Amino acid sequence: MIETERLIMRPWREDDAETLFRYAQDPAVGPAAGWPPHKSVEESLEIIRTVFSQPEVYAMVLKSTGQPIGSCGIMFSDTLHSAEMDKGDAEIGYWVGLPHWGFGYATEVVRALAGRCVSELGLSRLWIGHYDGNERSRRVAEKCGFRYHHTEHGKTSLLGDIRTEHFLTLTAEEFMQK
């Protein structure tokens, strides 16, 4: 479990399925990150049991309500990720449910996950990828000190479409200087 001022990052639980569905069914959320909106609570439950059961994948929970408002995680060089990473690198991913956009939750989470990556996991470089047009995600990364690294064209998303993905990085040294 990881705690920030307003949030707790904890493993997803099966009883989170209805809350996950409430946010993940919104077409403004998933497609921007390259995944399709959830179609049912059962689909959300299956995602919790499979995708969200992986190590370092967290429900982003508001302390004030105890309810998840999004998801975040750390993907290592030897697991599924978007960036071409070296050993000692990791990619940070995140999404927040639409009603909670604009409150700085994603920035709070990325800073906490970056701290875990550097201070607890001893990683040397962190990545964040975002698809063309997802300016909110880019701004979160930049607020957390990530800098543009490169762009890849012709990437196939989980939606099956071809996209352009931009990558930003932050080294452990840069994180420690902040």
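Everything discussed here concerns the structure shown above.
So, how was this worked out
Residues numbered from 1 in each chain as written. Predicted model: local features only at pLDDT ≥ 70, side-chain atom pairs only at ≥ 80, totals over all residues. Heavy atoms only, no water. Helix = DSSP H or I, 4+ residues; strand = E, 2+ residues; numbered from the N terminus. Polar contact = N/O pair within 3.5 Å; in protein donor to acceptor, adjacent residues only side chain to side chain. Contact = heavy atoms within 4.5 Å. Phe/Tyr/Trp six-rings, centres within 6.5 Å; stacked < 30°, edge-to-face > 60°. Buried < 20%, exposed > 50% of the residue type's maximum accessible area, 1.4 Å probe, protein only. Lys NZ or Arg CZ within 6 Å of the ring centre and 35° of its normal. Patch = residues over 30% accessible without salt bridge, like charges linked within 9 Å, V, L, I, M, F, W, Y side chains within 5 Å. Areas by Shrake-Rupley, 256 points an atom, 1.4 Å probe, with all protein chains shown as cover. Salt bridge = Lys/Arg side-chain N within 4 Å of Asp/Glu carboxyl O. Lys, Arg positive; Asp, Glu negative; His and termini not counted. Charge placed at Lys NZ, Arg CZ, Asp CG, Glu CD. Arc of directions from axis to C-beta. Core = buried A, V, L, I, M, F, W, Y, C linked by side-chain atoms within 4.5 Å. Pairing = 2+ DSSP bridges. Axes fitted to C-alpha atoms, helices over the stretch in contact; angles between N-to-C directions.

Novice: Explain the side chain of Arg125 here, please?
Specialist: Tracing the backbone shows Arg125 in strand β6 (residues 125-131). Separated by 3.2 Å, the side chains of Arg125 and Asp86 make a polar contact. Among the polar contacts made by the side chain of Arg125, one reaches the side chain of Asp89 at a distance of 3.0 Å. In this structure, Arg125 is in contact with Asp86, Gly88, Asp89, Ala90, His149, Thr169, Leu170 and Thr171, ignoring residues within four places of it in sequence.

Novice: What should I look at first to understand the packing of aromatic side chains in this one?
Specialist: Tallied over the entire structure, the rule returns four aromatic pairs. Each ring, one from Trp127 and one from Phe167, has its centre 6.2 Å from the other, and the planes form 80 degrees; the classification is edge-to-face. Taken together, the residues Trp127 in strand β6 and Phe167 in strand β8 (residues 162-171) connect sequence positions 40 residues apart. The class of Phe167 is buried, set by a relative accessible area of 0%. Lying across the ring of Tyr23, Arg22 places its NZ or CZ 5.5 Å from the centre.

Novice: I would appreciate a short explanation of a positive patch on the surface in the present structure.
Specialist: A contiguous patch of positive charge on the surface is contributed by Arg111, Arg136, Arg139, Lys143 and Lys178. Counting residues per element, the positive patch draws most heavily on helix α5 (residues 135-143), at three residues. Residue position: Arg111 is located in helix α4 (residues 105-120).

Novice: Teacher, can you tell me more about helix α3 (residues 41-49) here?
Specialist: One turn of the α-helix equals 3.6 residues, which is why residues spaced by three or four share an orientation. Every buried residue belonging to α3 is among Ser44, Leu45 and Ile48, and all of these are buried. Looking down the long axis of α3, one finds its buried residues gathered within 100 degrees of arc, a one-sided arrangement. Summarising the contacts, the buried residues of α3 are in contact with α1 (17-24).

Novice: Help me out: how do you make sense of the nonpolar core in this one?
Specialist: Considering soluble globular proteins, one finds that nonpolar side chains tend to be buried as a cluster. Ranked by internal contacts, the top residues of the largest apolar core, which has 47 residues, are Ile92, Tyr94, Leu126 and Phe146. The contact partners of Leu126, leaving out residues within four places of it in the chain, are Ala90, Ile92, Ala114, Cys117, Val118, Phe146, Leu168, Thr169 and Leu170.

Novice: Would you mind going over the sheet that holds β8 with me for this structure?
Specialist: In sheet architecture, strand pairing relies on hydrogen bonds along the backbone and comes in two forms, parallel and antiparallel. Pairing within the open sheet is mixed, and its eight strands lie in the order β1-β2-β3-β4-β5-β6-β8-β7. Either end of the sheet is taken by a strand with one partner, and the two such strands are β1 (2-3) and β7 (147-156). Here β6 runs beside β8; their pairing, made up of seven bridges, is antiparallel. Pairing of His130 across the sheet is with His166, part of β8. Running at roughly 30 degrees to strand β4 (residues 68-76), α4 makes contact with β1, β2 (7-10), β3 (57-62), β4, β5 (89-96) and β6 of the sheet.

Shape descriptors only; they carry no functional weight alone.
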